[in-house]
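Residue-level structural notes
The residues making up each chain are set out below.
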Amino acid sequence: MIRDKSTRKPAKDAPEKGAPKKDAAKKAAPVKAAKGAAVKAPAGRQGAIIAVASPTFRRERALIKRGIWPVAGCDEAGRGPLAGPVVAAAVILDPDRIPRGIDDSKRLTAEERERLFDKICATAQVSVAVASRSRIDRDNILRASLWALKRAVVALPDAPRHVFVDGRDRLDTACDCEAVIGGDGIVLSIAAASIIAKVTRDRLMCALAQDCPGYGFEQHKGYAVPEHLDALDRLGPTIHHRSFFAPVAAARAKHMPWTVEPVRDLFAVTEVEMQLEASVEIDASAGL
């Protein structure tokens, strides 16, 4: 039996006869822009804009509604560089005078950070603490950073009743302390502190550049960029370089080998030690 093909039902979602064909590949729907900084779209999403939300004052305001005030945010700048200090800042924003445009310092240009630095200092309570290169060498970078953050909180004009700190490590403060991973992009007080810390440290590194010409501190602020590594290899480390960071230690071994202490082989046995062990065995056998 031969069936008439014209009586067959069309496939589901099949276009009607005469209707224009749809593109085989659907165009990516544009992503709505939201308040915040825009970042590049991933591969395959050309033309799309992905919005990154700006930090908010929501957490601070929730504490205020519970009668908890002042609330501070703190952050540091300079954990990664090979030279210079770590700078920590703590900020208590005035809820009625919050400058517009505060964001994670890494999302802002140098000009925007400088402008916001002045506005934050004019409207909020601000304190700064510095952990020197010698403290970093003595305590390690993490402990030096936490020490500076705590000192910045203690130095605030009004003692806070709650502190937000960027990162995973809480501070040993007299009040409650809440660690927020990625806090400089979430909590407005932390973002404000990140701006204060970054601008302060950048200014310090520009001052160090005048004391140590040739290293380019005014450009890279002490970070391990190729220009800095090349200067380290050519000129050797300065007094401002962190001694135990690997590139600095390698440059010191090249330019000042007499300052590098030899590492003792724990498994090596000296002739004197062998003689002492032998004498102990003889004495022990004589006693038997």
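The protein chain is annotated in an unreviewed UniProt entry as Ribonuclease HII of Bradyrhizobium barranii subsp. barranii. According to the UniProt record, the Catalytic activity (unreviewed entry) comment for the protein chain is "Endonucleolytic cleavage to 5'-phosphomonoester."

Before going further, it helps to spend a moment on the overall build of the protein chain. The secondary structure content of the protein chain amounts to nine helices and seven strands. A burial count over the protein chain gives 37% of its 288 residues as buried. Excluding contacts between residues fewer than 6 apart, the proportion of contacts in the protein chain whose partners are at least 24 apart in sequence is 61%. As displayed, the protein chain offers around 18600 Å² of accessible surface, 56% of which is attributable to carbon and sulfur atoms.

Reading across from one edge, 5-4-3-6-7 is the order of the five strands in this open sheet, with mixed pairing throughout. On the outer flanks of this sheet lie strand 5 (125-131) and strand 7 (176-180), each paired with one strand and no other. Within this sheet the neighbouring strands show an average axis-to-axis angle of 20°, counted without direction. Note: strand 6 (residues 162-166) against strand 7, five bridges, orientation parallel. Bridge pairing in strand 7 links valine 163 to cysteine 177. Packed onto the sheet, helix 5 (residues 188-211) meets strand 3 (71-77), strand 4 (86-92), strand 5, strand 6 and strand 7 and runs at close to 35° relative to strand 3.

The residue histidine 228 is located in helix 7 (residues 226-235) in this model. Owing to a relative accessible area of 0%, histidine 228 belongs among the buried residues under this scheme. There is a polar contact of 2.9 Å between the side chain of histidine 228 and the backbone oxygen of tyrosine 223. Polar side-chain contacts of histidine 228 include one of 2.9 Å to the side chain of histidine 241. Once you skip the residues sitting within four places of it in the chain, histidine 228 turns out to touch Leu82, Ala83, Tyr215, Phe217, His220, Gly222, Tyr223 and His241.

The UniProt feature table records "binding site: a divalent metal cation" (unreviewed entry) at Asp75, Glu76 and Asp166. Annotated residues spanning 92 residues; largest pairwise C-alpha distance 8.1 Å, indicating a single compact cluster. Residues from the named set that contribute to the lining of the second largest pocket are Asp75, Glu76 and Asp166. With respect to the secondary-structure elements, glutamate 76 resides in strand 3. The exposure class of glutamate 76 is buried, given its relative accessible area of 18%. If we ignore the near neighbours within four places in the chain, the residues touching glutamate 76 are Val86, Val87, Ala88, Leu149 and Ala197. In this structure the side chain of glutamate 76 is engaged in a polar contact, spanning 3.4 Å, whose partner is the side chain of arginine 79. Excluding residues that lie within four positions of it along the chain, aspartate 166 makes contacts with Cys74, Asp75, Val180, Ile181, Gly182, Gly183, Asp184 and Ile190.

For the coordinates displayed, the defined rule picks out one aromatic pair. Judged by centre distance (5.7 Å) and plane angle (20°), the ring pair of tyrosine 215 and phenylalanine 217 falls under stacked. Judged by relative accessible area, phenylalanine 217 falls into the buried class, the value being 0%. Above the ring of tryptophan 147, the side-chain terminus of arginine 135 is found at 3.7 Å from the ring centroid. Over the ring of phenylalanine 117 we find arginine 203, and its NZ or CZ is 4.5 Å from the ring centre.

Rules used throughout
Residues numbered from 1 in each chain as written. Predicted model: local features only at pLDDT ≥ 70, side-chain atom pairs only at ≥ 80, totals over all residues. Heavy atoms only, no water. UniProt positions renumbered as here; feature names shortened; annotations may be inferred. Helix = DSSP H or I, 4+ residues; strand = E, 2+ residues; numbered from the N terminus. Buried < 20%, exposed > 50% of the residue type's maximum accessible area, 1.4 Å probe, protein only. Contact = heavy atoms within 4.5 Å. Areas by Shrake-Rupley, 256 points an atom, 1.4 Å probe, with all protein chains shown as cover. Pairing = 2+ DSSP bridges. Axes fitted to C-alpha atoms, helices over the stretch in contact; angles between N-to-C directions. Polar contact = N/O pair within 3.5 Å; in protein donor to acceptor, adjacent residues only side chain to side chain. 1 Å grid on protein atoms, 1.4 Å probe; cavity = no way out; pocket = protein on both sides within 12 Å on 5 of 7 lines; lining within 4 Å. Phe/Tyr/Trp six-rings, centres within 6.5 Å; stacked < 30°, edge-to-face > 60°. Lys NZ or Arg CZ within 6 Å of the ring centre and 35° of its normal.

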